[in-house]
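Residue-level listing of the chains:
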Amino acid sequence: GNGETVIHENGTGDLLIRATNLFIKDSANNNTYFNATNEGSVDLFHDNNLRFRTTGIGISVLGITSTTHLNVTGVSTFQDDIFVGVGATVGFETTAYFRDNAKAVFGDDEDLEIYHDEEHSVIKDTGTGRLKILTSRLSVKDSNDSNFSIDASPGSFVKLFHGGDGKLETTNEGVLVSGGTTTG
């Protein structure tokens with residue numbers, strides 16, 4: 001009686017809507033809410049803007065997605081920046097891959113970067129504070145994990161190596177040097 005059109009299914013069976021393509025729009029045909037295309041996508045709209053679309057391989061979310069928990073299975077490709085808030089946890093079951101020049105960036109001022117360019121692996125700190133490495137023992141070794149360059153134990157020793165051989169070691173009494181020294 002008040003100008004509404006109502007579809008009411010109160011039986012025990014299913015309500016079937018059969019169409020080649022299905023569109024749900026406002027009464028003036030100005031705003032789209034839902035599109036379902038035969039052998040194509042299903043699209044959801046908010047304020048007439050496409051926000052969610054099914055694809056042949058999954059889904060596309062257009063715009064910003066807010067969620068309290070996101071569990072993604074399989075390969076995920078991100079085309080733009082990913083922002084992780086304070087207190088958030090990002091977990092990877094196995095490995096996170098970053099291609100050449102893709103950076104893991106930290107800090108509100110983006111002052112810590114970890115990345116690999118075509119030739120070098122880089123940890124870049126441009127902040128005003130120090131870059132701290134907090135550890136009970138620090139080892140810098142070759143990429144085969146066989147030869148030391150530096151071995152350090154806070155409060156105990158620092159050893160410097162050349163070609164895998166120890167050359168200089170700090171002790172509680174001073175410095176031990178292995179081999180000859182050259183000054184001047």
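The structure reproduced in this document is the subject of the present report. (Residues numbered from 1 in each chain as written. Predicted model: local features only at pLDDT ≥ 70, side-chain atom pairs only at ≥ 80, totals over all residues. Heavy atoms only, no water.)

**Describing the sheet that holds strand 8 (residues 121-125)**
Across the sheet, three strands lie side by side as 6-7-8; this open sheet has antiparallel pairing. The two strands at the open ends of the sheet, each matched to only one other strand, are strand 6 (104-106) and strand 8. Taken over all neighbouring pairs, the strand axes of this sheet differ in orientation by 10° on average, direction set aside. Of the strand pairs in this sheet, strand 6 and strand 7 (residues 112-116) are connected by three bridges, and their pairing is antiparallel. Looking at strand 7, one finds that Phe106 is bridged to Leu112. (Pairing = 2+ DSSP bridges. Helix = DSSP H or I, 4+ residues; strand = E, 2+ residues; numbered from the N terminus. Axes fitted to C-alpha atoms, helices over the stretch in contact; angles between N-to-C directions.)

**Quick word on the pairing of strand 11 (residues 157-162)**
Pairing of strand 10 (residues 148-153) with strand 11, which is carried by four bridges, proceeds in the antiparallel orientation. Paired with Asp151 across the two strands is Lys159, which belongs to strand 11. What sits between strand 10 and strand 11 in their antiparallel hairpin is a turn of three residues, with Gly155 showing a positive phi close to 75°. Linking strand 11 back to strand 12 (residues 165-170) in an antiparallel pair, the connection comprises two residues, with Gly163 at a positive phi of about 60°.

**Side note on the side chain of Glu113**
Inspection of the secondary structure puts Glu113 in strand 7. Among the polar contacts listed, one links the side chain of Glu113 to the side chain of Lys103, at a separation of 3.2 Å. The residues contacting Glu113, other than those within four sequence positions of it, are Lys103, Ala104, Val105, Val122, Ile123 and Lys124. (Polar contact = N/O pair within 3.5 Å; in protein donor to acceptor, adjacent residues only side chain to side chain. Contact = heavy atoms within 4.5 Å.)

**Focus on the pattern of salt bridges**
It is possible for side chains bearing opposite charge to pair when their charged atoms get close. Counted according to the given criterion, the structure contains four salt bridges. Notably, a salt bridge pairs Lys103 with Glu113, separated by 3.2 Å at the nearest N-O pair. Separated by 10 residues along the polypeptide, Lys103 in the loop between strand 5 (59-61) and strand 6 and Glu113 in strand 7 bring together distant segments of the chain. (Salt bridge = Lys/Arg side-chain N within 4 Å of Asp/Glu carboxyl O.)

**A word on the sheet that holds strand 13 (residues 175-177)**
Across the sheet, which stays open at both edges, the five strands sit in the order 9-10-11-12-13 with antiparallel pairing between neighbours. In the strand order of this sheet, the two ends are held by strand 9 (138-141) and strand 13, each with one partner. Sheet twist, expressed as the mean angle between neighbouring strand axes with direction ignored, is 15°. Where strand 11 lies against strand 12, four bridges are found, and the strand directions are antiparallel. Its bridge partner lying in strand 12, Lys159 is registered against Glu169.

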